[in-house]
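Topology and contacts: notes
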Amino acid sequence: MEQNSLVRLNKLKGKIFELITEEADRLQMETYLIGGYVRDMFLRRPSKDIDIVCVGSGIQLAEAVAGNLGEKTQLSVFKNFGTAQVKYKGTEIEFVGARKESYSHNSRKPIVENGSLEDDLNRRDFTINALAIRLNKEGFGELTDMFNGLDDLENLLIRTPLDPDITFSDDPLRMMRAIRFASQLGFFIYPETFEAIERNKERIAIISGERVIDELNKIILSPCPSIGFELLEQTGLLAIILPELVALKGIETKEGVGHKDNFSHTLKVLDNLAKTSDNLWLRWAALFHDIGKPKSKRFEPKTGWTFHSHEFIGMKMLKVIFQRLKLPLNDKLKYVEKLVSLHMRPIVLADDEVTDSAIRRLLFEAGDDIDDLMQLCEADITSKNPEKVRQFLRNFRLVRSKLKEIEEKDRIRNFQPPIDGLAIMEMFDLPPGKEVGELKLAIKDAILDGEIPNEYEPAHAFLLKLALEKGLRVHS
Ligand code: ATP
Ligand code: MG
């Protein structure tokens with residue numbers, strides 16, 4: 001305990017904390033540091049935002065602190081919530097007055113009254129988030145731990161301070177938060193807390209899509225995202241928010257032949273990728289790369305289980321999923337669609353003899369996302385056979401070096417045709433339409449197949465020859 005206090009005092013140095021202490025004392029408000037900052041301090045994790053609770057008006061304290069921090073301080077006041085945020089040199093400090101909340105079953109909005117520190121700790125989601133450190137001069141650095149949060153931190157446990165059925169029913173988002181913290185911190189959910197999530201899972205439906213996605217994104221971005229997805233599946237939440245993923249689960253056997261469990265495979269791929277990339281959308285692509293497998297699954301007596309075209313079936317499922325989850329329908333969707341639809345291509349290339357033309361086509365279709373695609377494909381290798389893994393990695397290295405060679409030679413990545421549609425229309429006095437499209441396509445194919453280089457002169461000559469065959473005349 002001694003040592004803990006010393007560490008704590010070290011972490012409470014600096015201008016911000018000094019000012020909070022000064023202003024809180026001047027306003028005669030009991031003031032505490034609380035929430036994620038305290039938790040992360042004990043876990044020795046870097047923390048971003050600072051949460052402050054005071055017995056009194058959080059807005060008043062925030063205004064006093066902001067007024068003394070200097071010019072580069074931003075203050076935002078949320079009167080309706082009784083909270084205020086101070087931004088200072090990249091640090092966000094959230095101020096709230098201690099409150100007591102009571103919920104009625106019919107409404108998601110609690111009745112909020114002013115309260116004591118104890119009342120405020122009672123409304124917190126988990127014991128590890130309900131630790132408070134006193135910031136007033138008298139008793140500076142003292143820890144209040146009403147629910148043995150320190151023990152839970154030590155035992156890596158997520159547990160609600162009060163009856164978990166009430167905690168989760170009051171605010172069902174807390175179920176997602178429990179799983180998110182387990183995934184981010186590598187913690188376990190306390191059995192009674194876990195069971196309460198199973199019982200209350202249906203209530204997740206009353207939470208807005210945006211808030212659910214916030215938590216899902218944090219799970220996906222955690223160091224080992226499979227922890228979160230396994231928990232989502234085991235509690236039954238995943239079947240409600242992403243049934244398409246649950247459909248990947250299971251192994252069917254026919255004539256003594258089984259296929260792999262595509263749910264655990266998918267999570268393995270996501271974990272693999274998490275080791276090499278923190279690109280959120282690449283991670284979403286990993287989560288969805290095999291989403292089309294259940295719909296494409298067939299048993300063929302000669303070959304066994306097949307999943308023909310699962311990458312295209314999967315790609316086509318994404319828009320509906322993105323719409324339902326309130327994920328962005330812009331270039332992010334396009335990016336995930338592209339990666340899902342192309343994820344089988346490098347492996348086919350690695351199997352076959354790698355021709356320049358196949359490499360050019362892949363470069364053309366993947367464009368600037370080619371490196372992300374290769375990362376996804378390498379993460380997709382989950383075979384337990386080390387010889388096979390070595391072989392795949394060797395082939396991918398070959399594909400990568402070929403990609404580099406062809407790209408340096410032909411510049412296909414951001415392909416711009418050397419002769420565009422407008423030029424073709426002018427050349428042969430053609431109206432816009434099918435014929436122009438065909439000529440354009442023929443030029444593109446000739447370049448990708450390596451018949452002509454990606455340059456104006458050869459493309460022009462090629463076009464003239466083709467036009468002659470079609471009986472078109474150059475417009476003078
Ligand atoms: P992080 O900022 O790393 O995501 P955090 O624990 O700081 O984690 P915040 O969302 O910033 O999480 O919330 C700050 C604190 O407010 C939490 O630690 C918790 O005590 C409390 N809290 C936040 N959301 C809820 C909620 N839905 N129900 C109860 N308490 C909550
Ligand atoms: Mg926080």
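Preceding this section is the structure that the text describes.
The notes below deal with the structure included here. It should be emphasised that the depicted structure is a prediction, and the values quoted were computed from it without experimental measurement. (Residues numbered from 1 in each chain as written. Chains lettered and ligands numbered in written order. Predicted model: local features only at pLDDT ≥ 70, side-chain atom pairs only at ≥ 80, totals over all residues. Heavy atoms only, no water.)

Our next topic: the nonpolar core. Core analysis: the largest hydrophobic core is formed by 128 residues, its most contacted members being L33, F229, L232, W284, F288 and V336. Summarising the domain contributions, this core has at least three residues from each of domain 1 (2–154) and domain 2 (421–470). The next biggest cluster of nonpolar side chains, apart from the first, holds ten residues, and it includes I34, V96, A98 and A132. (Core = buried A, V, L, I, M, F, W, Y, C linked by side-chain atoms within 4.5 Å. Buried < 20%, exposed > 50% of the residue type's maximum accessible area, 1.4 Å probe, protein only. Domains from an automatic or database assignment.)

Attention shifts here to the site of ligand 1. Taken together, 16 residues surround ligand 1, and among them R39, R124, D171, R174 and R180 come closest. One of the backbone N or O atoms of D125 is found 3.2 Å from a nitrogen atom in ligand 1. Separating an oxygen atom of ligand 1 from a backbone N or O atom of N129 is a distance of 3.0 Å. Here ligand 1, which alone exposes 580 Å², has 83% of that area covered by the protein. Of all the cavities here, the one that holds ligand 1 is the largest pocket. Of all elements in the fold, only α3 (36–43) and α8 (173–185) reach the threshold of two or more residues within the shell around ligand 1. A total of four residues in the shell around ligand 1 trace back to one element, the largest contributor, which is α8. For the shell around ligand 1, the class distribution of residues is one nonpolar, three polar and twelve charged. (Near = heavy atom within 4 Å. Polar contact = N/O pair within 3.5 Å; in protein donor to acceptor, adjacent residues only side chain to side chain. Areas by Shrake-Rupley, 256 points an atom, 1.4 Å probe, with all protein chains shown as cover. 1 Å grid on protein atoms, 1.4 Å probe; cavity = no way out; pocket = protein on both sides within 12 Å on 5 of 7 lines; lining within 4 Å. Sits in = over half its atoms within 2 Å of the grid points. Helix = DSSP H or I, 4+ residues; strand = E, 2+ residues; numbered from the N terminus. Nonpolar A, V, L, I, M, F, W, Y, C, P; charged D, E, K, R; others polar.)

Once that is clear, we can look at the packing of helix α11 (residues 226–235) against helix α14 (residues 262–276). Two elements in contact, α11 and α14, have axes separated by 9 Å at closest approach and are oriented at 155°. Here α11 is positioned roughly antiparallel relative to α14, judged by the angle of their axes. Here S226, F229, E230 and E233 of α11 come into contact with α14, specifically with F263, L267, L270 and D271. Here the contact of α11 with α14 is built from residues that sort into four nonpolar, one polar and three charged. (Axes fitted to C-alpha atoms, helices over the stretch in contact; angles between N-to-C directions. Parallel < 35°, antiparallel > 145°, perpendicular 65-115°, else oblique. Contact = heavy atoms within 4.5 Å.)

Further remarks concern the packing of aromatic side chains. What the rule picks out here adds up to six aromatic pairs. The interplanar angle of 50° and the centroid separation of 6.4 Å between the aromatic rings of F288 and F322 together place this pair among those described as tilted. Placement of the pair is F288 in helix α15 (residues 280–288) and F322 in helix α17 (residues 310–325), with a sequence separation of 34 residues. As far as burial versus exposure is concerned, F288 and F322 are alike and both buried. These aromatic residues form a ring-pair network of at least three members: W281, W284, F288 and F322. Positioned above the aromatic ring of F307, the side-chain terminus of K293 is 4.9 Å from the ring centre. We note K297 situated over the ring of W305; from NZ or CZ to the ring centre the distance is 5.0 Å. (Phe/Tyr/Trp six-rings, centres within 6.5 Å; stacked < 30°, edge-to-face > 60°. Lys NZ or Arg CZ within 6 Å of the ring centre and 35° of its normal.)

Our next topic: the pairing of strand β2 (residues 50–54). Of all five residues making up β2, four are buried, and the element is well covered by its neighbours. Here four bridges tie strand β1 (residues 31–34) to β2, and the two strands are oriented antiparallel to one another. The residue of β2 that forms the bridge with Y32 is V53. In this structure, β2 lies alongside strand β5 (residues 91–97), joined through five bridges in parallel fashion. (Pairing = 2+ DSSP bridges.)

Ordered in space as β3-β4-β5-β2-β1-β8-β9, the seven strands form an open sheet in which the pairing is mixed. The sheet is open, and its two borders are formed by β3 (73–78) and β9 (143–144), each paired with just one other strand. Two elements, strand β4 (residues 83–88) and β5, share six bridges in a ladder whose sense is antiparallel. Directly across from T83, in β5, lies its bridge partner V96. Running at roughly 20° to β5, helix α2 (residues 15–26) makes contact with β1, β2, β4 and β5 of the sheet. Sitting on the sheet, helix α4 (residues 58–69) is in contact with β1, β2, β3, β4 and β5, with an inclination near 165° to β3.

At a closest axis distance of 10 Å, the pairing of helix α24 (residues 434–448) and helix α25 (residues 456–470) adopts a crossing angle of 130°. By the angle class used here, α24 and α25 are oblique. In this structure, the crossing between α24 and α25 has a hand that is right-handed. On α25, the residues that touch E438, L439, A442, I443 and A446 of α24 are A459, F462, L463, L466 and K470. Taken together, the residues of the contact of α24 with α25 sort by class into eight nonpolar, no polar and two charged. (Left-handed = near helix turned anticlockwise from the far one by under 90°.)

Take the layout of surface pockets next. There is about 1,900 Å³ of room inside the largest pocket. Forming the walls of the largest pocket are 45 residues, and the residues nearest its centre are R123, D171, L173, R177 and R211. Every element with two or more residues in the lining of the largest pocket is listed here: α3, β4, β5, β6 (99–102), α8 and α10 (209–220). The element best represented in the lining of the largest pocket is α8, accounting for six residues. When its residues are assigned to classes, the lining of the largest pocket shows 13 nonpolar, eight polar and 24 charged. Lining the second largest pocket are 27 residues, with K260, H265, K293, M344 and D380 positioned closest to its centre. (Points joined across faces, edges and corners; volume = space filled by probe spheres on them.)

Another aspect to go through is the pattern of salt bridges. Inspection of every chain in the model, using the stated rule, returns 25 salt bridges. Between E101 and R123 there is a salt bridge, with its nearest N and O atoms 3.8 Å apart. One end of the pair, E101, is in strand β6; the other, R123, is in the loop between α5 (117–122) and β8 (132–134), and 22 residues separate them in sequence. Across the pair, exposure class does not vary: E101 and R123 are buried alike. The shortest N-O distance in the salt bridge between D445 and R361 comes to 2.9 Å. Residue D445 is located in helix α24, and its partner R361 is located in helix α20 (residues 356–366); the two are separated by 84 residues in the primary sequence. With a relative accessible area of 24%, R361 lands in the partly exposed category. The network of salt bridges with shared partners includes R99, E101, D120, R123 and R124. (Salt bridge = Lys/Arg side-chain N within 4 Å of Asp/Glu carboxyl O.)

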